[in-house]
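What the coordinates show
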Amino acid sequence: MTGRLEGRIACITGAGSGLGRAMAIRFAEEGATVAAQDLRWEAADETLHLLNGDGHRAFAGDVSDEAAMGAVFAEIYGAYGRLDIQVNNAGVDRLPGDGFDEMLAGEGPQISLMDHGAFIRMLAIHVGGTFLCTREAVKLMDRGGSVITLSSIAGLAGWGPVHYASAKGAILGFTKAACRELGAMGIRINAIAPGVIDTPMTAGVDEALLAPLVMMTPLGRKGTAEEIAATALYLASDESSFTTGQWLSPNGGLITI
Ligand SMILES: NC(=O)c1ccc[n+]([C@@H]2O[C@H](COP(=O)([O-])OP(=O)(O)OC[C@H]3O[C@@H](n4cnc5c(N)ncnc54)[C@H](O)[C@@H]3O)[C@@H](O)[C@H]2O)c1
């Protein structure tokens, strides 16, 4: 049986862990050749060892760094000559100076303890990184393509600290506006806004903060990285060929808007 992504070239940022790694594995199972990008080259390289098939490559760089991303996409072009799928997945939920620890210590609401620099850095990674990687990726999509952005229930409904929720909300606006510009090139762009998913990111969050969210989730559990990879596969493949500018929120029913 032919895979749903047979012959496609897919770049996934943040592919060295969690959702990005699960997407890389699933996409490769479906026949894609994966450009696994991460801030940490060793992590991206580790992902390569988990992938079916040949031709996958690891790329290092910070998605918020314009020069670094220019170099990564030039390397991708050199290796593959084009790109069909771009997943803007790289991200963090905590940063030095964001007041999280002080908030946990009872010093006040996180917003009042957060440095301006931490707020701006969060936007630079998520929104700036999504912009830079999309801009560079679409230059390589000479036969149309699919771009996937990663929002969150934080962006949809404010579950999460203000810097993270602001960044994830902005990604939804980016996705909707970009769909209008990219449609004529045969490029679709859609967002995934996951609920609480079991990955190294959420493993780093105090269970006492996550437990109430999981309790309010009708399916009564966290999601798995593989479940988000399945949503990404749908958006990357031709099965979603008339879907663009939309968001899908695999969240176990926590949010139903
Ligand atoms: N896990 C969840 O519950 C959840 C829910 C909603 C949205 N998300 C989003 O999904 C995406 C993946 O999350 P995850 O849970 O797999 O996290 P993770 O921490 O397991 O993996 C994130 C990866 O991104 C990489 N990364 C971080 N900053 C980077 C940068 N500046 N440049 C390049 N790579 C960078 C990290 O090295 C890491 O390998 C993130 O955008 C996150 O905000 C996660």
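Not measured: the values here are computed from a predicted model.

**A look at the overall build of the protein chain**
- For the protein chain, the count of helices and strands is 11 helices and nine strands.
- Against the 2.2 N^0.38 benchmark of 18 Å for 257 residues, the protein chain shows a C-alpha radius of gyration of 18 Å, consistent with a compact globule.
- In terms of overall dimensions, the protein chain has a C-alpha envelope of 55 × 40 × 35 Å along the principal axes.
- Burial analysis of the protein chain (257 residues in total) assigns 51% to the buried set.
- Restricting the contact set of the protein chain to residue pairs at least 6 apart, pairs at least 24 apart contribute 70%.
- Accessible surface, the protein chain: about 11400 Å² in total, of which carbon and sulfur atoms supply 56%.
- In the protein chain, 18 side chains carry a positive charge and 29 a negative one; their mean positions are 7 Å apart.

**Considering the pairing of strand β1 (residues 9-13)**
- Burial within β1 is extensive, with five of its five residues counted as buried.
- Going residue by residue along β1, you find I9, C11 and T13 tucked away on one face and A10 and I12 tucked away on the opposite face as well.
- With five bridges joining them, β1 and strand β2 (residues 33-38) adopt parallel strand pairing. Residue I9 lies in a different strand from β2, and its bridge partner there is T33.
- Assessed by its sense of winding, the connection that carries the chain from β1 through helix α1 (residues 18-29) to β2 is right-handed.
- Both β1 and strand β4 (residues 85-88) contribute to a ladder of three bridges, which runs parallel.

**Regarding the site of the ligand**
- In the region of the ligand, 31 residues are neighbours, and S17, L19, D38, Y164 and T199 sit closest.
- For the ligand, an oxygen atom lies 2.6 Å from a polar atom in the side chain of S17.
- In the environment of the ligand, an oxygen atom lies 2.9 Å from a nitrogen or oxygen atom belonging to the side chain of R40.
- For the ligand, the accessible surface in isolation is 830 Å², of which the surrounding protein chains cover 94%.
- Contributions of two or more residues to the shell around the ligand are made by α1, β2, α6 (116-139), α8 (162-182) and α9 (200-203).
- The greatest single-element share of the shell around the ligand, amounting to three residues, is contributed by α9.
- Its residues placed into classes, the shell around the ligand shows 13 nonpolar, 14 polar and four charged.

**Some thoughts on the side chain of T202**
- Mapped onto the secondary structure, T202 falls in helix α9.
- Judged by its relative accessible area of 14%, T202 falls in the buried class.
- Polar contacts involving the side chain of T202 include one to the main-chain carbonyl oxygen of I197, which spans 2.6 Å.
- Not counting chain neighbours up to four residues away, the residues in contact with T202 comprise V196, I197 and L210.

**Details of the sheet that holds β2**
- Ordered in space as β3-β2-β1-β4-β5-β6-β9, the seven strands form an open sheet in which the pairing is parallel. Only two strands of the sheet have a single partner each, and these edge strands are β3 (57-60) and β9 (247-248).
- The sheet contact formed by strand β6 (residues 187-192) and β9 spans two bridges and is parallel. Residue pairing for β9: A191 is matched across the bridge by W247.
- The strands touched by helix α2 (residues 41-48) within the sheet are β2 and β3, with β3 carrying the most contacts at an inclination of about 165 degrees.

**Side note on the environment of H49**
- Here H49 shows up in the loop between α2 and β3.
- Look at H49 and you get exposed, because its relative accessible area is 64%.
- Sequence spacing of H49 and I25 is 24 residues, and the spatial spacing of their C-alpha atoms is 9.7 Å.

**A look at the side chain of R82**
- Topologically, R82 is positioned in the loop between α3 (66-80) and β4.
- Engagement of the side chain of R82 in a polar contact is seen with the side chain of D84, the distance being 2.9 Å.
- Leave out the neighbours within four places in its chain, and R82 touches G7, R8, I9, Y77, L140, D142 and R143.

**Structural notes on empty space enclosed by the protein**
- Tallying each qualifying case throughout the model produces one cavity of 30 Å³ or more.
- Taken together, 13 residues make up the lining of the largest cavity; nearest its centre are N88, N89, A90, H126 and T130.
- Contributing elements (two or more residues each) for the lining of the largest cavity: α6 and α8.
- Here the lining of the largest cavity gets five residues from one element, more than from any other, and that element is α6.
- When its residues are assigned to classes, the lining of the largest cavity shows six nonpolar, six polar and one charged.

Criteria and thresholds
Residues numbered from 1 in each chain as written. Predicted model: local features only at pLDDT ≥ 70, side-chain atom pairs only at ≥ 80, totals over all residues. Heavy atoms only, no water. Helix = DSSP H or I, 4+ residues; strand = E, 2+ residues; numbered from the N terminus. Rg over C-alpha atoms; globule rule 2.2 N^0.38 Å. Buried < 20%, exposed > 50% of the residue type's maximum accessible area, 1.4 Å probe, protein only. Contact = heavy atoms within 4.5 Å. Areas by Shrake-Rupley, 256 points an atom, 1.4 Å probe, with all protein chains shown as cover. Lys, Arg positive; Asp, Glu negative; His and termini not counted. Charge placed at Lys NZ, Arg CZ, Asp CG, Glu CD. Pairing = 2+ DSSP bridges. Right-handed = clockwise from strand over helix to strand, strands pointing away. Near = heavy atom within 4 Å. Polar contact = N/O pair within 3.5 Å; in protein donor to acceptor, adjacent residues only side chain to side chain. Nonpolar A, V, L, I, M, F, W, Y, C, P; charged D, E, K, R; others polar. Axes fitted to C-alpha atoms, helices over the stretch in contact; angles between N-to-C directions. 1 Å grid on protein atoms, 1.4 Å probe; cavity = no way out; pocket = protein on both sides within 12 Å on 5 of 7 lines; lining within 4 Å. Points joined across faces, edges and corners; volume = space filled by probe spheres on them.

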